[in-house]
Amino acid sequence: MCTSLEEPFGGWELLEELWPSIAAKDPTGSSMVTSTGETSRVMEFLELELQNAWESPNVRERLQLRPDMKDTRTANDTRTKGNDLFHPKVKRYIEAIKWYNESLCFSESGSEERALAYANRSAACFELHRYSECLENVRLARASNYPARLMEKLLKREQAAKQALQSNDVNNNPKKDKNDTGRNQKQAHSLTLTYDANRTIPQVANCLELTESDQFGRYVVTNRDLKAGDVVAIEKPTHTLLLDKYRHMRCDFCHHERLYTLIPCEGCTVAMYCSNECLEAALRSYHCYECPILRDLWRMFTKIPLMAMRTVTTAIVSFDRNLDEMRLHLDALELDGANVNAFALDWHTASPRDIYNTVHTLDTNERRRDKKDLAQRIFFALFMRDLLLERTVLGPVCEHQPERSQLLYKLLLRHVQTTATNMHSLYYMEYDPHTEEFNPSTYASACFPLLSMLNHSCAPNISRVTLPDASCGVLVVRPIPKGGQLFDNYGKHHCLDDLISRRVELAKQYKFFCRCEACENNYGRFFQLPGVDVQQFGAIDTYGIHAKLVRHQPKVAAELLPKLVGYLNNLGCQYPRYELSTTQELFLRAFEILHKETSDLVRDLQYCKP
C-alpha cells in the first residue's frame, strides 16, 4: 500500500552518498577496525562526523522530514482510489478496503471524511457478505457524524445487513468452498511440548540445555534422543513489529487480521488497531514514543532500525519510564552481563526488567563490523534519537540531561546491531488466487531471547513455526542424538544456495564463517542430492503427497503427517538425500496446515470477480 505522499530520498541512499567524504577524513585509512583498542576511537570519529552531517540543513531538506499530521486532501484522494476499485465493473473489494483504511488514517476524528470512509467500508463489507462487519462500520460512521444528507442510503444498507443476518446468511451459516481451511485464525494455538516442560522455563522441554564453547559460543543441546516431529520449545516474543505492508490489514498491537474493522490512531497516519483496548495498550507500551515519527521512519528505513527502536521503547516502559534508574541498572549489567542467561532465568517470576536483560546482552558483533557497517548503524541511531528528542515526550525528559540523551543513543545503537542478527520473522499462510495455493508470508518481526541461543546450520535439524498467537514453535525435522546440538537456519540452506554464496552472505550479515556440516562436507543443492536406495529403504510418493497437501485441508494433512514423520525418522541417518529433503518440506507443509494461521480473506475472494 502506498499513499499520495512523494517518496523521499532514503536513509540508506543518503549514507551511501555521505560515506566517501567521511572515509576520506578517517586518519587510519583502513576500511576495517584492526584492533579491539581501536574500536572506541573509530566509533568516536564516526559519531562526530555523522552527527555533523545529520545536523546539516541540506541533509534534512533532502530527507523531506515533516511532522505526521492528518490531511483532508489525502483522506479524500485515498477514499477516491478505494471507490475506483469498488466499482461494479472492477469489484476489487479487498483492495478498496485497504484504501478506505488509508483514508481513515489521514482523516480527522469526527470529520465528514472519516464518516464517509467508514460508510464506504461498510458497503464493501456488504458486498463481501460480511454483514456483522458491515453493521460495525455503519455504527462507526454514525459515531463520526455521518452527514444527514446521505443518511438514507446508510440506513437502507444497515437494514439489509440486519435482514441478511436474521435469515441465517453467510456469516451465520457460511458456504464451504474448496479453499476453506475450517480453522479459526483467532483461536489460541493447540500445540504442546512433546516432553515435560523445564521446571523454571515452561517454554522449553526439559531435555534442552544451554552450554558454551570456544567454537560455538552459547548453544543448545539435547540430553535425550529427539525424533522428527518432536516439539521442544514454544516461546512467545518479548516484543514485535508489524511490517508496514500490513498496517491496513492487521492490528498494530496484537497483529490479528482485522481488515474490515480497524480503527486509526488519532495521533499519526500509520498505526491502526482492532479495538480501543489494543490502541490504549499500544500507547502504554511503545506507541506514545513512536507515534510522531513512525511515518518518517518507515519512509526512510527498513524493518531493522524500526525493530531496534521498538526494542528500546518497550524497554523504557519496563523501567517505568525512568531513564536514570534504567541507566544505573544497565551500568551494573555491563559488569555482570556475561552471567545473564535466558536459560538460567526463572520465567515464572521474571520481571519485565529481567526479561529485557536477556535481550540487552545479545551479541552486537560490533568488533567484527567494518567501518562502513558501523557508520550505517551509528547514523540510524543518531537519526532516531534526535527525532525522538525533537518530536516526542522524551524531548522534555532529556532536556538539559545529556546523560539521558546519551543513554537513548547508546541503546538505539546497541539494538540496531543486535536486531540484525537476532530478529525473527512471524509468518502466516497467504492464499494466492492465481495459483490457488497457500504460501508463507511474513507479517511481523519478533524477538525471542531463548530461541536466539540456537546456532545456524545450512542443514538445520529444527524449524521454527509461527503459531496463531505469534508464539514460535520449535519443531525437530530430523533425528537428533542425545548430546547433539539443535541447529536453526538463518536463511541460507544448502538445498537452495551454493557453498560460496552461503558463506559470503552469512559472513556479511551475521559475521561468522560457516563451518556447519553442509559447508564442511559441501552438500549439494536440492536437485544435486543423491537419491535413497529404494530397494533397501522403500520409496515415498512425494509428488502425490504434494498434490494432496496443496489443497490445504487439515483432515488430509492429519492423515499424511504420521507417514511423513515415520519416513524422516527411519531414514534420518541417510541425510542428505533428495527424498529426505523433499519429505522435510512436505512434513513442514502438513504441520503448517494443522497449526498455522491462514488469512481470513480466503473466503472473500469469491466475491471479488467482476
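Because the structure is predicted, anything quoted here is derived from the model rather than measured. (Residues numbered from 1 in each chain as written. Predicted model: local features only at pLDDT ≥ 70, side-chain atom pairs only at ≥ 80, totals over all residues. Heavy atoms only, no water.)

1. A few points about the packing of helix α9 (residues 276-290) against helix α11 (residues 303-318)
For clarity, the threshold we go by: Fitted lines through C-alpha atoms serve as axes, helices being fitted only where they are in contact, and the angles separating the N-to-C directions of these axes extend from 0 to 180 degrees. The helix count covers DSSP runs of H or I at least four residues long, the strand count covers runs of E at least two residues long, and both are numbered beginning at the N terminus. Should an angle fall under 35 degrees it is called roughly parallel, over 145 degrees roughly antiparallel, and 65 to 115 degrees roughly perpendicular, with every other angle called oblique. For any helix crossing, the convention is left-handed if the near helix is rotated counterclockwise from the far helix by under a right angle, and right-handed if that rotation is clockwise. Here, residues are in contact when the closest pair of their heavy atoms is within 4.5 Å. Each residue gets one label: Ala, Val, Leu, Ile, Met, Phe, Trp, Tyr, Cys and Pro are nonpolar, Asp, Glu, Lys and Arg are charged, and the others, such as Gly, are polar.
Where α9 contacts α11, the two axes come as close as 8 Å, and the packing angle between them is 125 degrees. In this view, α9 runs oblique relative to α11, as classed from their interaxial angle. The interaxial crossing formed by α9 with α11 has right-handed handedness. Facing R284, S285, Y286, Y289 and E290 of α9, the residues of α11 in contact are M309, R310, T313, T314, I316 and V317. Per-class residue counts for the contact of α9 with α11 are 5 nonpolar, 3 polar and 3 charged.

2. With respect to the nonpolar core
Using the following cut-off: Definition used in this section: a nonpolar core is a set of buried Ala, Val, Leu, Ile, Met, Phe, Trp, Tyr and Cys residues joined via side-chain atoms within 4.5 Å. Under the scheme applied here, a residue whose accessible area is under 20% of the maximum for its type counts as buried, over 50% as exposed, and between as partly exposed, the area being computed with a 1.4 Å probe on protein chains only.
Of all hydrophobic cores here, the largest spans 140 residues; its most connected members are L46, L50, Y273, L297, M326, F379 and F383. Core analysis: the second largest hydrophobic core is formed by 46 residues, L499, C516, A557 and L580 among them.

3. A word on the pattern of salt bridges
Test applied: Think of a salt bridge as a Lys or Arg side-chain nitrogen and an Asp or Glu carboxyl oxygen that are within 4 Å of each other.
Per the counting criterion, the structure on display carries 35 salt bridges. For D68, the salt bridge goes to R295, with nearest N and O atoms at 3.9 Å. You can see D68 sitting in the loop between α3 (57-63) and α4 (72-86) and its partner R295 sitting in helix α10 (residues 294-300), a full 227 residues away along the chain. Residue D68 is classed as buried on the basis of its relative accessible area of 13%. Among the ionic pairs, D324 bridges to R327, the shortest N-O distance being 3.9 Å. One end of the pair, D324, and the other, R327, are both in helix α12 (residues 323-336), 3 residues apart, so they sit about a helical turn from each other. Given a relative accessible area of 24%, D324 falls into the partly exposed group. A network of salt bridges, in which partner residues are shared, links D68, E102, D244, R247 and R295.

4. Remarks on the environment of F587
As for its position among the elements, F587 is in helix α22 (residues 578-595). In this structure the C-alpha to C-alpha distance between F587 and C516, which are 71 residues apart in sequence, comes to 23 Å. Those residues in contact with F587 that lie beyond four places of it in its chain are G229, L475, V476, V477, L561, L564, V565 and L568.

5. Thoughts on the packing of aromatic side chains
Pairs of aromatic rings are described using the distance from one ring centre to the other and the angle between the two planes. Inclusion rule: What counts as a ring pair is set by centres within 6.5 Å for rings of Phe, Tyr and Trp (its six-membered ring), and what kind of pair is set by the plane angle: stacked under 30 degrees, edge-to-face over 60, tilted for all other angles. Think of it as a cone above the ring: NZ of Lys or CZ of Arg counts as a charge over the ring if it is within 6 Å of the ring centre and within 35 degrees of the ring normal.
As enumerated under the stated definition, the model contains 22 aromatic pairs in all. Summarising the aromatic geometry, the rings of F253 and Y286 are spaced 6.5 Å apart at their centres and angled 15 degrees between planes, so their arrangement reads as stacked. Here F253 is found in the loop between β4 (240-242) and β5 (263-264), whereas its partner Y286 is found in helix α9, with 33 residues between them in sequence. Taking relative accessible area as the criterion, Y286 reaches 5% and is therefore assigned buried. Here the guanidinium or amino end of R478 rests over the ring plane of Y575, the centre of that ring lying 4.1 Å away.

6. What about the pairing of strand β11 (residues 472-476)?
We count it as follows: Here, any two strands with at least 2 DSSP bridges between them count as paired.
Counted residue by residue, β11 has 5 buried out of 5 residues, so it is predominantly covered. Residues of β11 alternate between two faces, with C472, V474 and V476 on one and G473 and L475 on the opposite face, all of them buried. Alignment of strand β3 (residues 231-235) against β11, held across 4 bridges, turns out to be antiparallel. When the sheet's bridge partners are listed, I234 is paired in β11 with G473.

7. Overview of the pairing of strand β8 (residues 437-447)
Of the strand pairs in this sheet, β4 and β8 are connected by 3 bridges, and their pairing is antiparallel. Looking at the pairing, T240 lines up with A446 of β8. Where strand β7 (residues 423-432) lies against β8, 10 bridges are found, and the strand directions are antiparallel. By the bridge assignment for β8, Y427 is matched with T442. Between β7 and β8, which follow one another and run antiparallel, lie 4 residues, and E436 among them has a positive phi close to 55 degrees.

8. Details of the sheet that holds strand β10 (residues 462-466)
Here 3 strands make up an open sheet; going across it, the order is β3-β11-β10 and the pairing antiparallel. Strand pairing shows two members of the sheet lacking a second neighbour, β3 and β10, which therefore form its edges. The sheet shows a mean angle of 20 degrees between the axes of neighbouring strands, taken without regard to direction.

9. Some words on the side chain of K596
Keep this limit in mind: We score Asp and Glu as negative and Lys and Arg as positive, and we do not count His or the chain ends. In protein, a polar contact requires one atom able to donate a hydrogen and another able to accept it; more generally it is a pair of N or O atoms within 3.5 Å, and residues adjacent in sequence count only if both atoms are side-chain atoms.
Position of K596 relative to the elements: it lies in the segment after α22. Nearest to the buried, unbridged K596 among oppositely charged side chains is E592, at 5.9 Å. For K596, the side chain forms a polar contact with the main-chain oxygen of Y427, separated by 2.6 Å. At 2.7 Å, the side chain of K596 and the backbone oxygen of T466 are in polar contact.

10. Examining helix α14 (residues 371-391)
This is how it is decided: Take the residue count of a helix, subtract one, and multiply by 1.5 Å to get its expected span.
Its 21 residues place the ends of α14 30 Å apart at the C-alpha level, agreeing with the 30 Å of an ideal helix rising 1.5 Å per residue. Counting buried positions along α14 yields 17 of 21 residues, so the element is predominantly enclosed. At the N-terminal end of α14, a side-chain oxygen is found 3.2 Å from the backbone nitrogen of K372, two or three residues along, and the residue is D370.

11. Digging into the state of the cysteines
As a reminder, the rule being used: Cysteine sulfur atoms are paired as a disulfide whenever they come within 2.5 Å of each other.
The final tally for this structure, using the stated rule, is 0 disulfides. Left without a disulfide partner, C134 is nearest to the cysteine sulfur of C125, which lies 6.5 Å away. Here C134 falls in the buried class, since its relative accessible area comes to 0%. No disulfide involves C458; its sulfur sits 3.8 Å from the nearest other cysteine sulfur, which is in C519. Given the relative accessible area of 0%, C458 is considered buried.

12. Section: the confidence of the model for the protein
In plain terms, the rule: Confidence of the prediction at every residue is given by pLDDT, a number between 0 and 100.
Per-residue confidence for the protein gives a mean pLDDT of 90; residues scoring 70 or more make up 93%. Here residues 1-8 scores under 50 on pLDDT; set against residues more than four positions off or in separate chains, the count is 20 contacts. Taken together, the stretch residues 170-187 has pLDDT below 50 and engages in 40 contacts with residues farther than four places along the chain or on a different chain.

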